[in-house]
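Geometric and topological summary
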Amino acid sequence: MKNDKGFAQIILIVILVFAVVAASAISYYVLKSQGQAPVVNTIPTTYVPVASPTPKGSPSSSVKTTTNISSSTDINSIQTDISNTNLNSVDSDLNSLNTSAGSL
């Protein structure tokens, strides 16, 4: 068994990597339980309204611009947005999109 020294080094490296991963997981868990863990914000706080471009050769009345969507998390704001939503507008928007895409 001439290669025992190299095998021991590989095991030592694996143990060190495992120790670093375990220490990271433990520190994250401790910080999270104390409420000091870093927070990843996946919901954008601002929005940029984007207008649809008018395709050449088609009437501009068939192309609609986007409406602004609020980023508020207030329950009253959300209920107002939901109650103001017109479910029939989705079908007309899809039909308009299909017509616009067909003219390309």
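Residues numbered from 1 in each chain as written. Predicted model: local features only at pLDDT ≥ 70, side-chain atom pairs only at ≥ 80, totals over all residues. Heavy atoms only, no water.

Counting its regular elements, the protein contains three helices and zero strands. Ordered by position from N to C terminus, the α and β elements of the protein give α-α-α. In the protein, which comprises 104 residues, the proportion classed as buried is 6%. Carbon together with sulfur atoms contributes 64% to the accessible area of the protein, which is approximately 9,500 Å² in total. (Helix = DSSP H or I, 4+ residues; strand = E, 2+ residues; numbered from the N terminus. Buried < 20%, exposed > 50% of the residue type's maximum accessible area, 1.4 Å probe, protein only. Areas by Shrake-Rupley, 256 points an atom, 1.4 Å probe, with all protein chains shown as cover.)

What follows is about a nonpolar patch on the surface. Together, F7, I11 and I15 line one region of the surface with nonpolar side chains, adding up to about 300 Å² of accessible area. Residue placement: I11 occurs in helix α1 (residues 4-33). (Patch = residues over 30% accessible without salt bridge, like charges linked within 9 Å, V, L, I, M, F, W, Y side chains within 5 Å. Salt bridge = Lys/Arg side-chain N within 4 Å of Asp/Glu carboxyl O.)

Once that is clear, we can look at the confidence of the model for the protein. Regions with low pLDDT should not have their predicted coordinates read in detail. Per-residue confidence for the protein averages 74 on the pLDDT scale, and 62% of its residues sit at or above 70. Confidence scores differ between elements of the protein, with helix α3 (residues 88-102) showing the lowest mean pLDDT of 80 and α1 the highest of 89. (pLDDT = per-residue confidence, 0-100.)

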